[in-house]
Structures are given as C-alpha cells and as structure tokens.
Amino acid sequence: MKSKSKNKFELLSPAGDFQCLAAAINAGCDSVYFGLQDFNMRARAKNFKISDLPKIKQLTGNKIKRYLTLNTIIYDNELKKLEQIIKKAKPYVDAVICSDISVMLLCKKHKISFHVSTQMSISNSETAKFYKKLGAKRIVLARELNLKQIKKISKIIDVEIFIHGAMCVSESGRCFTSQFLFNESANRGKCIHPCRRAYTVKDNEGNELKIKNNYIFSAKDLCTLPFFEKLKKSGAVAFKIEGRNREPEYVDTVTRVYRKALDKKLTKQEINQSMNELNKAYNKGFSSGFYIKSPTNDDFSKTENSSATQTKQFIGKILHFYPKINVALLKINTGKLRVGDDIIILGKTTGIIRAKLESMEIEHKRIQQAIKGQIIGIKLPNCRKGDDLYKVVKK
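So, how was this worked out
Residues numbered from 1 in each chain as written. Predicted model: local features only at pLDDT ≥ 70, side-chain atom pairs only at ≥ 80, totals over all residues. Heavy atoms only, no water. Core = buried A, V, L, I, M, F, W, Y, C linked by side-chain atoms within 4.5 Å. Buried < 20%, exposed > 50% of the residue type's maximum accessible area, 1.4 Å probe, protein only. Helix = DSSP H or I, 4+ residues; strand = E, 2+ residues; numbered from the N terminus. Contact = heavy atoms within 4.5 Å. Polar contact = N/O pair within 3.5 Å; in protein donor to acceptor, adjacent residues only side chain to side chain. Salt bridge = Lys/Arg side-chain N within 4 Å of Asp/Glu carboxyl O. Pairing = 2+ DSSP bridges. Axes fitted to C-alpha atoms, helices over the stretch in contact; angles between N-to-C directions. Parallel < 35°, antiparallel > 145°, perpendicular 65-115°, else oblique. Left-handed = near helix turned anticlockwise from the far one by under 90°. Nonpolar A, V, L, I, M, F, W, Y, C, P; charged D, E, K, R; others polar.

(A) Highlighting the nonpolar core. Residues Ile 139, Leu 225 and Tyr 258 are the most contacted members of the largest nonpolar core, which totals 88 residues. Considering each element in turn, this core owes the most residues, seven residues, to helix α9 (residues 248-263). What Tyr 258 contacts, discounting residues up to four positions off in sequence, is Leu 11, Ile 163, His 164, Cys 223, Thr 224, Leu 225, Phe 228 and Leu 278.

Here you go:
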C-alpha cells in the first residue's frame, strides 16, 4: 500500500513549442509535459531541442514541474543516444515519462524519477505493483478504465489520468494502422491518423454496407468537465490534458477551464459556460470515454476535422510595441481588420493574448477598417515585436 499523498491535485498541460508552453504557464497549469526531437510520441509536434531545456526551466521556475516524454519504442542502435539525452536533461526536468523499460533502467542509473506512460496499458493492481517495485514514482493509467478500477489501483501508487483531448480507437493508443498503410509508426510518434478519415465497408464481392457514420475508427475527444467532481474522488493525484500537437489557444482554453474546475466545485451554469469555451477550441465532439460507462456508437466522431465553433485567421505581425502607451504597430499581411473584431496575439514569449479591437489609427487618424498592406496603430495589452496577430472567425 502506498502512503497517503500530501500533494494537492496536479494539472498537467501539454507543450509542443514555446508558444504553448507560455500559454500553459499563464493559464495556471501545475506542470507541463513536452518532448524533444527524438524518442517522443508526438514526433510531428514542433518539440524542443536539448539546448532549449535551460530556458524551459527558467520560464517554469520552481513552482511548475517539468516532465520530459521519452515514451517511444527504443532500438539497440539508439540506446547510446538515449542515455546521452537523459544525462543532459537531468538538471532540467523533474521526471521522465516513458514506456520502454530501457528508459526506466537508464533513469534509475542516473537517478531521475520516471513515470510510466499510458502506452504500457496499465489496467490492474498487479501491474501497478510491478512498476512500483521497478522504481516508478507514478503511473499513467490505460484510458480504458472506469472510476472504480482507478480507485483500486490508486491505493498502490500515485496515479495520473487523462481528463481532456484526443482518444485513439486502439488500446491506449498502441495502434498499427498508420504503420501498415503509410509506414509511419504511431509507436514511434509518427502517426498520421488514418483513423480520422471516412471509410466505406465493402466485402470481397463488392457489396457495400450502408453505415450511419462513415468515421467508424475515429473516436470523439475525451471531455470530463461535466463529471469532474467524480474524478477528484477517483484517487488520481494528477490530471492530464492531451494535446502536444494542438495550438496555443487550445492549451490556453482547456487549461483555464480545468484550472477553475480543479480549484472549486462548478455550478451547473459555470459548467455550461465552460463547455461553451471548450467547444470553441479544437475538438472532434466530446465523449466521457470509459470513466462512466463503456463507449457506444455515439462516442465516434462525425467529422474528419475539428468541430470547434471558431477558428483563427492570420492577419499580420507586430512591428513594434510601445509599452508606456500600450500601442502596437501592426503590418497587415493578409485579410482585413475592423473595429470590434476579436483578436488573438501569439508569441514565443508572450504566449497567447485575447482581446477585442477597440480602435485603430493610421498616422494618428482613427479608422474603422484596415486592409492588406497597411501599417496601423492599435491599443493592445503587453505584447512584443514579432508576435503574430490573428482574427477570430466564427464558423
């Protein structure tokens, strides 16, 4: 039995690049998880370089924990490189999230804490005991467990569970479809998501089966907000948001919503308001996963792309920012802006800023609309030269 943890609940946010990292920090995460350019399950994310680790540590400070994902399958010819990465990362990370036992053994050798990835499909108490004995500080459970099963395993070792984001139709994401069809292995972080496409069911004689929803392999996204209070009582100590391939506005929105839900019990009205916010960010429809009941036909997505109620359109870059008067000089590279538009500022250090365009000027004369090629002055919260400005577009 594990001793009762004195730690508070931990909210983990994904960081695929510096913009997402800043968004996660500003939105109130307790920890971030991120990958380098090797050995992580999101190889198609921008990811970070070894040389970025000191800056990541500087930005997160002492209050936000840093978890490095080294959670792919490892081959013999990669072990030397893997060990070098672990040695170099040691001063900058709080733990490594891993699935291959070679990574776990190297973490033990170099005295780095490790968490066992959901890729290992840990679904029972005996397996939890095995990894605890091996030295794991935490396990990320298989996504196919219900709340009762989680509660039992959580009495053995600290448990982390997913609370929001994409789900794979395969067992804990261990899928081979991308490898078979396109020679791009999901288990090496290179999945191209062929499951998200529409399919026609046909037999060898050419007979087609009429199905109601052609997205027969594409699961809806997990969303636990409507029953989040139950997760707080599940025994899990850490709640994880999926999305290292997602945009900064997704990281910002989802982190803020669950930060609020973690800090207090939401009213029904607050849950509805927060669901409206979640619907604005990237999603493929929402499902409760396996937590409450086994998924049904209703838990499969009805779209190949996002069902988000809004998107963003790139407008231009900040040429200069005057902090004393909170005015930015913006060059419009494409599209147009109108007073009253909702806008998003994205930057490597800035993270994400949301604002409403209250006024615009050209050579100190107020204007209502600006078009491609113009350089305008606009009132903005604190941003930086080089930041990108987007217009929010409702679908």
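(B) Structural view of helix α1 (residues 18-27). Of all the ten residues making up α1, eight are buried; the element is thus mostly covered by neighbouring parts of the structure. Turning to α1, its buried residues number three or more, namely Phe 18, Gln 19, Cys 20, Leu 21, Ala 22, Ala 23, Ala 24 and Ala 27. Of the surrounding secondary structure, the elements contacted by the buried residues of α1 are β1 (10-14), β2 (31-35), α2 (53-60), α9, β16 (342-347) and β17 (351-356). Capping the start of α1, Asp 17 holds a side-chain oxygen 3.2 Å from the backbone nitrogen of Gln 19, two or three residues further along.

(C) A look at the pattern of salt bridges. Enumeration over the complete set of coordinates arrives at 21 salt bridges. Of the charged contacts, one joins Glu 160 and Lys 240 as a salt bridge, the two residues approaching to 3.1 Å between their closest N and O atoms. Here Glu 160 is found in strand β7 (residues 158-165), whereas its partner Lys 240 is found in strand β11 (residues 238-241), with 80 residues between them in sequence. Judged by its relative accessible area of 0%, Glu 160 falls in the buried class. Its relative accessible area of 4% is what places Lys 240 among the buried residues. Residues participating in the shared-partner salt-bridge network are Lys 8, Asp 30, Arg 259 and Asp 263.

(D) Summary view of the sheet that holds strand β18 (residues 360-362). Spatial ordering of the open sheet is given by β17-β16-β22-β13-β14-β21-β18-β19, a layout of eight strands whose pairing is antiparallel. In this open sheet, the two edge strands, each paired with only one partner strand, are β17 and β19 (365-367). Strand-to-strand twist across the sheet, computed as the mean angle between neighbouring axes with direction ignored, equals 40°. Bridge count between β16 and strand β22 (residues 388-394): four bridges; the pairing is antiparallel. Residue pairing in the sheet places Ile 345 in a bridge with Leu 389 of β22. α1 rests against β16 and β17 of the sheet, and its axis sits at about 70° to β17.

(E) The arrangement of the packing of α1 against α2 in detail. At a closest axis distance of 11 Å, the pairing of α1 and α2 adopts a crossing angle of 20°. Taken together, α1 and α2 sit at an angle that is classed as roughly parallel. In this structure, α1 meets α2 at a crossing whose hand is right-handed. Where α1 abuts α2, its residues Phe 18, Leu 21 and Ile 25 lie against Lys 55, Ile 56, Leu 59 and Thr 60. Residues belonging to the contact of α1 with α2 are distributed by class as follows: five nonpolar, one polar and one charged.

These figures come from the coordinates and say nothing about function on their own.
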